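# A structural walkthrough
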Number of protein chains: 2
Amino acid sequence: MPYDSGGLEILDPEECRTLLAKVPLGRIVFTHRALPAVQPVNFILDGGDVVIRTGEGSKLAAAARNAIVAFEADDFDADARTGWSVVVIGPARVVSDPEETARLRDLPLRPWAPGRREAFIRIRPALISGRRTPETLPT
Amino acid sequence: MPYDSGGLEILDPEECRTLLAKVPLGRIVFTHRALPAVQPVNFILDGGDVVIRTGEGSKLAAAARNAIVAFEADDFDADARTGWSVVVIGPARVVSDPEETARLRDLPLRPWAPGRREAFIRIRPALISGRRTPETLPT
């Protein structure tokens, strides 16, 4: 297993995708008014893309319009001090095709926040990377 | 309690700071090679600042040098579908003063990853904001 300079296990893309599929929530990273922005979102994987559901007039929908964004998901155990993190970087687009929207609406992607969320954002991973705390320290 | 357009409770700065102090891990958002970057990090609050410990030659230490960064921490319960998130935005600086470094080294900030981490990054919150899923839906 390869390790990075910080002593963390480097995950391969296949492991990253497997881990991503295990959690319901991630964080999308974008730029809003020239400042870095980050927002937790429920997501689902669809054909290898990260799909997020948001309000049509949300700042997220506006900011993600054809921008390059990052998306991070992780799972850490504070007591054991272990866990993993996966980061996807790629172009985001707001889904505009009515047939695609109808199909995505049927996916098991239920936001935790109340309020109407009729816009879907699709992030196509151009880069995917992940790290995991080592089970045993590297020698 | 005020709510945002997505139906989430808007937390005041005091609540945000109280919640931040309850978790050991957050995510720093910065720019690396002109791309958005996000990395989980252990942190501690010190005099209102978010303090992170990293390797001296890390890409994080390089990228955070006098940049405006975002820092996010959250705590979600996937079963109850509830939780909160706090985001801090502000200038980051790498601590260079030896006395300050010595003092920070004595704080209970123990990174979970192995490897030497002798650089401290300090983020001064210029903006702090938070959201929480509502206990009951807003009427």
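Look up: the structure comes first, before these words.
The structure displayed is predicted, hence computed values, not measured ones.

Aligned on chain B, chain A shows an RMSD of 0.0 Å; the corresponding rotation is 180 degrees and the shift along the axis is 0.0 Å. Within this description, the copies of the chain are treated as partners about a two-fold rotation axis. Ranked by how close their C-alpha atoms come to the rotation axis, the residues of chain A are headed by Val-29 of chain A, at 3.7 Å. The overlap is high: 100% of the interface residues of chain A also sit at the interface in chain B, so the same surface is used on both sides.

We now examine the side chain of Asp-46 of chain B. All names here are of chain B. Relative to the helices and strands, Asp-46 resides in strand β3 (residues 35–46). Judged by its relative accessible area of 12%, Asp-46 is buried. At 2.8 Å, the side chain of Asp-46 and the side chain of Arg-103 are in polar contact. With near-sequence residues (within four places) excluded, Asp-46 lies in contact with Val-51, Arg-103, Leu-104, Leu-107 and Arg-122.

Residues and elements named next belong to chain B. Strand direction decides the pairing type here: strand β1 (residues 9–11) and strand β8 (residues 127–132), joined by 3 bridges, are antiparallel. Note that in β8 the partner of Ile-10 across the bridge is Arg-131. As defined by bridge partners, strand β6 (residues 82–94) adjoins β8 across 6 bridges and the pair is classed as antiparallel. Within β8, the position partnered with Val-88 by the bridge is Ile-128.

All names here are of chain B. Within the structure shown, the criterion is met by 1 cavity of 30 Å³ or more. A volume near 30 Å³ is recorded for the largest cavity. Forming the boundary of the largest cavity are Arg-17, Leu-20, Leu-45, Gly-48, Val-50, Pro-125 and Ile-128.

So, about the packing of aromatic side chains. Following the criterion strictly, the structure yields 4 aromatic pairs over all chains and no others. Between Phe-43 of chain A and Phe-71 of chain A the ring centres are 4.8 Å apart and the planes differ by 65 degrees, which places this aromatic pair in the edge-to-face class. With Phe-43 of chain A in strand β3 (residues 35–46) and Phe-71 of chain A in strand β5 (residues 68–77), the pair connects residues that are 28 residues apart, well separated along the chain. Note on Phe-43 of chain A: relative accessible area 6%, which makes it buried. For Phe-71 of chain A, a relative accessible area of 0% puts it in the buried group. Between Trp-112 of chain A and Phe-76 of chain B the ring centres are 5.7 Å apart and the planes differ by 65 degrees, which places this aromatic pair in the edge-to-face class. Of the two residues, Trp-112 of chain A is situated in the loop between α3 (98–105) and β7 (119–123) and Phe-76 of chain B in strand β5 (residues 68–77); the pairing between them involves two chains.

Residues and elements named next belong to chain A. Among the residues of helix α1 (residues 13–20), those classed as buried are Cys-16, Leu-19 and Leu-20. Across the axial projection of α1, the buried residues extend over an arc of 100 degrees, all falling on one side. Buried residues belonging to α1 abut β1 (9–11), β3, β5, β6 (82–94) and β8 (127–132). Its side-chain oxygen at 3.1 Å from the backbone nitrogen of Glu-14, Asp-12 defines the N-terminal cap of α1.

So, on to the environment of Val-87 of chain B. You can see Val-87 of chain B is positioned in strand β6. Excluding anything up to four places from it in sequence, Val-87 of chain B contacts Val-38 of chain A together with Ala-70, Phe-71, Glu-72, Leu-127, Ile-128 and Ser-129 of chain B.

Before going further, it helps to examine the interface of chain A and chain B. Quite often, the size of an interface is put as the accessible area lost when its parts meet. Between chain A and chain B, the contact holds 35 residues from the first and 35 residues from the second. Here chain A packs against chain B, burying approximately 2700 Å² in sum over the two surfaces, 73% of which is carbon and sulfur. It is Pro-36, Arg-81 and Trp-112 of chain A in chain A that bury the most area against chain B; as a group they hold 27% of the surface buried on that side. Applying the counting rule to chain A against chain B returns 4 salt bridges. A salt bridge links Arg-27 of chain A to Glu-72 of chain B; the shortest N-O distance between them is 3.5 Å. Among the secondary structure elements, those contributing two or more residues to the side of chain A that touches chain B are β2 (25–32), β3, β5 and β6 of chain A. At 7 residues, β5 of chain A tops the list of elements feeding residues into the side of chain A that touches chain B. Its residues assigned to classes, the side of chain A that touches chain B comprises 23 nonpolar, 5 polar and 7 charged.

About the thresholds
- Residues numbered from 1 in each chain as written.
- Chains lettered and ligands numbered in written order.
- Predicted model: local features only at pLDDT ≥ 70, side-chain atom pairs only at ≥ 80, totals over all residues.
- Heavy atoms only, no water.
- Least-squares fit on C-alpha atoms with pLDDT ≥ 70 in both.
- Contact = heavy atoms within 4.5 Å.
- Helix = DSSP H or I, 4+ residues; strand = E, 2+ residues; numbered from the N terminus.
- Buried < 20%, exposed > 50% of the residue type's maximum accessible area, 1.4 Å probe, protein only.
- Polar contact = N/O pair within 3.5 Å; in protein donor to acceptor, adjacent residues only side chain to side chain.
- Pairing = 2+ DSSP bridges.
- 1 Å grid on protein atoms, 1.4 Å probe; cavity = no way out; pocket = protein on both sides within 12 Å on 5 of 7 lines; lining within 4 Å.
- Points joined across faces, edges and corners; volume = space filled by probe spheres on them.
- Phe/Tyr/Trp six-rings, centres within 6.5 Å; stacked < 30°, edge-to-face > 60°.
- Arc of directions from axis to C-beta.
- Buried area = accessible area lost by both parts, 1.4 Å probe.
- Salt bridge = Lys/Arg side-chain N within 4 Å of Asp/Glu carboxyl O.
- Nonpolar A, V, L, I, M, F, W, Y, C, P; charged D, E, K, R; others polar.

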